[in-house]
Amino acid sequence: MMSADELSKPLLTRTPLYDAHVEAGARMVPFAGYEMPVQYSPGIIAEHTWTRNHASVFDISHMGQAVVTADDGKHETIARALEALVPADIIELAPGRQRYSQLLNASGGVIDDLMVTRPQEPNESGRLILVLNASRKDIDVEHIARLLCEGTRIESRTDLALLALQGPKSGDVLESICPDSRKLAFMQATRTQIAGCDCFISRSGYTGEDGFEISVAASDAVTLWRALLANDEVRPCGLGARDSLRLEAGLCLYGHELDETISPVEAGLTWSIPKRRRTGGFPGAERILGEISASPARTRVGLHFAGRAPAREGAKILSKMGDEIGVVTSGGYSPTLKRPIALAYVPPEYASTDTLLTVVVRGEPLDAKVVPLPFVPHRYRRA
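Colleague: Looking at this structure, I do not really get helix 5 (residues 137-147). What am I missing?
Modeller: Given 3.6 residues per turn, any residue in an α-helix points the same way as the ones three and four places further on. Buried within helix 5 we find Lys 137, Asp 140, Val 141, His 143 and Ile 144. The arc enclosing the buried residues of helix 5, seen along the axis, measures out at 165°, which places them on a common side. Opposite the buried face of helix 5, by more than 90 degrees, sit the exposed residues Asp 138 and Arg 146. Of the surrounding secondary structure, the elements contacted by the buried residues of helix 5 are strand 3 (34-39), strand 5 (64-70), strand 6 (97-104), strand 7 (110-118), strand 8 (127-132) and strand 9 (152-156).

Colleague: Hey, could you run me through the sheet that holds strand 13 (residues 211-217) in this one?
Modeller: Whether parallel or antiparallel, the strands of a sheet pair through hydrogen bonds between backbone atoms. Strand order in the open sheet made by the six strands is 11-12-13-10-4-14, with mixed pairing throughout. On the outer flanks of this sheet lie strand 11 (189-194) and strand 14 (234-236), each paired with one strand and no other. For this sheet the average axis-to-axis angle between neighbouring strands, irrespective of direction, equals 30°. Both strand 11 and strand 12 (residues 197-202) contribute to a ladder of six bridges, which runs antiparallel. Within strand 12, the residue paired with Thr 190 across the bridge is Ile 201. Lying on the sheet, helix 3 (residues 44-53) is in contact with strand 4 (55-59), strand 10 (160-166) and strand 14; it crosses strand 4 at an angle near 120°. Contacts between helix 7 (residues 221-229) and the sheet are confined to strand 4, strand 10, strand 11, strand 12, strand 13 and strand 14, with strand 10 contributing the most and set at about 10° to the helix.

Colleague: Explain the layout of surface pockets to me, please; I cannot follow it from the model alone.
Modeller: Summary: where empty space remains is shown by rolling a probe the size of a single water molecule over the atoms. As a volume, the largest pocket reaches approximately 1300 Å³. If you go around the largest pocket, you meet 47 residues; those closest to its centre are Tyr 100, Asp 113, Tyr 206, Leu 251 and Cys 252. Counting only elements with at least two residues in the lining of the largest pocket, the list comes to strand 2 (27-31), strand 6, strand 7 and helix 8 (239-248). Of the residues forming the lining of the largest pocket, the biggest block, five residues, is contributed by helix 8. Of the residues belonging to the lining of the largest pocket, the class tally is 26 nonpolar, 12 polar and nine charged.

Parameters at a glance
Residues numbered from 1 in each chain as written. Predicted model: local features only at pLDDT ≥ 70, side-chain atom pairs only at ≥ 80, totals over all residues. Heavy atoms only, no water. Buried < 20%, exposed > 50% of the residue type's maximum accessible area, 1.4 Å probe, protein only. Helix = DSSP H or I, 4+ residues; strand = E, 2+ residues; numbered from the N terminus. Arc of directions from axis to C-beta. Contact = heavy atoms within 4.5 Å. Pairing = 2+ DSSP bridges. Axes fitted to C-alpha atoms, helices over the stretch in contact; angles between N-to-C directions. 1 Å grid on protein atoms, 1.4 Å probe; cavity = no way out; pocket = protein on both sides within 12 Å on 5 of 7 lines; lining within 4 Å. Points joined across faces, edges and corners; volume = space filled by probe spheres on them. Nonpolar A, V, L, I, M, F, W, Y, C, P; charged D, E, K, R; others polar.

Treat this as a map of the structure, not an account of what it does.
Printed below as a string of structure tokens:
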């Protein structure tokens, strides 16, 4: 018999790699409705450092994968339908290329941030592949399905798993078992085979390092996982190091730097809205275009701290005059820089590099300084 406490706990979903994580000694934790590995026996700092110097494989199968399709098989049809929901240029997205964008609400807030890929294979004309955040994927699919125009549709691909291979050695590792990966530069994608498994791979990721995200049938996930880990340069890595790596890379995390009240301009994502889209035609355009031409009420910044204590999400930020001006959205210890770092929102007049601020941590004021992002330079393979 289960206890009352056990019965009251929400049921957690397991990815196809759950048993492999347990076998590898992972510490499993609840995350976005899934049981996920937060770390393995080496620990978060060791996993983080390994990724910066070698290659690590992450299970990100909890994230959403979906396909949007036009019944007439035309790219322009599905691209225009999606452009009504996001501020990216999807019309001019070339075959085999990927774009980062945001799903917006009517007030210009971010429902989710997502990756959009146009397959290069001719038989996939009129299709776009989406990768969505785990905590938002059901909301996203319902939102898109409700607003897509007639003759277009979205299908959630719950039959797929997703792995991320990240780190400076990831290119060499993948090329040794998948020669097709050699031709890919950052934000390019292709269909191929790895270890006998049909895969869709993109050269992308969320660590700031060179790397790949690999979509594969859930039934083949363990085979792919083992094929990657067969290389001595590769180790498994959990959610703890994934978060510290993305923080060092200065990348937004939904629910922290992004939510339905924050605009892409406030979040420092104006670069993802190209010139062609700055005439409107997407939700919240009036607010967003106004912030581009003038200035948003708040802006995302990076912070360094004088001491060793890290500032966590929710810590209040004060001006040197003692006025409360903002809040930390993500913070922690940087294994690469060996110091605490944080992302935060402050008014534009406090966002200049080297501006001195105070952050209140457990009731104690800490000296902080605004610094450029990213904290650690990106090392994507651009060509």
